[in-house]
Amino acid sequence: MFWHLLIVVSMFSLCWAPASAIFVDKGDPYKVGPLKVGQLTISKSLDKSPLHTIVFFPVEASDYPVVFFVGGYEGLVPSEMYKDFLTQLASHGFVVFGVDPHYPLAPFDVTEGDDVTEGADINALFAQYDWLHGYMENRTDARVAWNYTSLACHSAGCDLTMKMILQNHAIAQASVFLEPYSASAEEALPMRIPTLSYGTELSEKGYPQCAVAGKDWRQFYKVASCPKVMMEVKGFGHCDILDPAAWQACHDTHACTTTNNSRNAEYRQFVQGVVSAFLIGTLEGRTATLNYILNTTLVPLPLLDLQSELECSVYR
C-alpha cells in the first residue's frame, strides 16, 4: 500500500510541477506553521469594498498563494468565527481572505423556512475578488500570488464557491469543500481542478442534520473531476471548526450535533493541517506533502473514509 501511494503521488507530480516563485512550507502541516501571521480588516464603509473581509497574511516578505474563504450558512457565519482555523492556515504560507457576503448580519439570524441558498449575490463575490487585486497591491510585505488561487468554504458557503467555479472555471487552481452543502452539486464539473471534499461523522447525526446526504461531501467528491480527495473524520461535528465562542453558540442553540468541546483546539489544528497538506501538494506543487492525508499512518485523527483519485488521464 505504501509503495502504491508513492507511485500515485509521483505520477501526480508529473502533472503538477512544483512552483518556484512562491513560499512553500516543507514541514509537518499538522503543526503550527513557521510563519507569524498578521490580520487586516477591510470595511465596506471605510474602504469602499464590495464585501466585508478579514485578511490573514504572513508578515514575512515573500510571495504567497491565495485562499478565498466563505463561511457557513452561505456566508451568514462570518469569517471572524473561524479565526483560529484561518490564522493557522495562513501560518503555513497562505494569504487567506475571509469574505463575508452578509456582514454585519448576525450569523444565526435566519427565520425558520428560509432557503439560505438563495440569499447571496455571486456577482458581489466576484467583485470582491477583483477589487482585492488592487487593494492588496503593496498593502503588506506579503505579496499576493493571484496566479495560485484556491477557493475554500464551510457548509452552505460551499454552494457559493461551487457556483463561482461553475460560472468561471479559471478563477481557482484548487478547491476545498469543508462539510459542504449545495443543491448545485448535481452534474460533473467540466474542468479539472484539484478538489478536497471533507466531512465529519456528527454532521449527519441527530436533528437538525447540518450536512444533507446527497448534497454533502460525498456528492461533491462524486461530481468533482480528477484529481480529487475525500476524507471523513470520526468523532467530530459541523461546528467544531468554529472558534470557542461561536462553537458555544452552536452548542447552546442545538444548531448542529456537537462534541463536548474538550478536543476542539486539537481538531481545528487537524483541519487546517488537512487543508494545508492538500493545498501545498496541489496548488503549490509539492506533491510529497499529500502523503500527510493519503497515508493514514500520518493522519493524527481516526478516519471513517478516505478516497482519492489522482491518476488522471488527459482524455477524461
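For the structure itself, look to the data block above.
Residues numbered from 1 in each chain as written. Predicted model: local features only at pLDDT ≥ 70, side-chain atom pairs only at ≥ 80, totals over all residues. Heavy atoms only, no water.

### What about the overall build of the protein chain?
Piece 1. Counting its regular elements, the protein chain contains nine helices and nine strands.
Piece 2. Here the protein chain, with 316 residues, has 58% of them falling under the buried criterion.
Piece 3. Considering only residue pairs separated by 6 or more positions, the protein chain has 74% of its internal contacts joining residues 24 or more positions apart.
Piece 4. Looking at the protein chain as shown, the accessible area adds up to about 13,100 Å², and 52% of this sits on carbon and sulfur atoms. (Helix = DSSP H or I, 4+ residues; strand = E, 2+ residues; numbered from the N terminus. Buried < 20%, exposed > 50% of the residue type's maximum accessible area, 1.4 Å probe, protein only. Contact = heavy atoms within 4.5 Å. Areas by Shrake-Rupley, 256 points an atom, 1.4 Å probe, with all protein chains shown as cover.)

### Side note on unusual backbone geometry
Piece 1. Following Cys 226, the chain continues to Pro 227 via a peptide bond in cis, the omega torsion being 5°.
Piece 2. Within the fold, Pro 227 resides in the loop between helix 6 (217-223) and strand 8 (228-233).
Piece 3. Positive phi is not limited to glycine here, since Glu 74 has a value of about 55°.
Piece 4. As for its position among the elements, Glu 74 is in the loop between strand 3 (62-70) and helix 3 (83-90).

### Details of the packing of aromatic side chains
Piece 1. Scanning all chains against the criterion turns up 12 aromatic pairs.
Piece 2. Both rings, one in Tyr 30 and one in Tyr 292, keep their centres 6.3 Å apart while their planes meet at 70°; by these two values the pair is edge-to-face. Of the two residues, Tyr 30 is situated in the loop between helix 1 (2-15) and strand 1 (37-42) and Tyr 292 in helix 9 (residues 291-294); the sequence distance between them amounts to 262 residues.
Piece 3. A ring pair is formed by Tyr 129 and Trp 146, whose centres lie 5.4 Å apart and whose planes are at 85°; its orientation type is edge-to-face. Highlighted residues: Tyr 129 in helix 4 (residues 122-135) and Trp 146 in strand 5 (residues 142-154), separated in sequence by 17 residues.
Piece 4. By way of ring pairs, the aromatic residues Tyr 30, Phe 236, Tyr 267, Phe 270 and Tyr 292 are connected into one cluster.
Piece 5. Above the face of the Tyr 135 ring, Arg 139 is positioned so that its terminal group lies 3.9 Å from the ring centre.
Piece 6. The cationic tip of Lys 228 hangs over the ring face of Tyr 221; the distance from NZ or CZ to the ring centre is 4.5 Å. (Phe/Tyr/Trp six-rings, centres within 6.5 Å; stacked < 30°, edge-to-face > 60°. Lys NZ or Arg CZ within 6 Å of the ring centre and 35° of its normal.)

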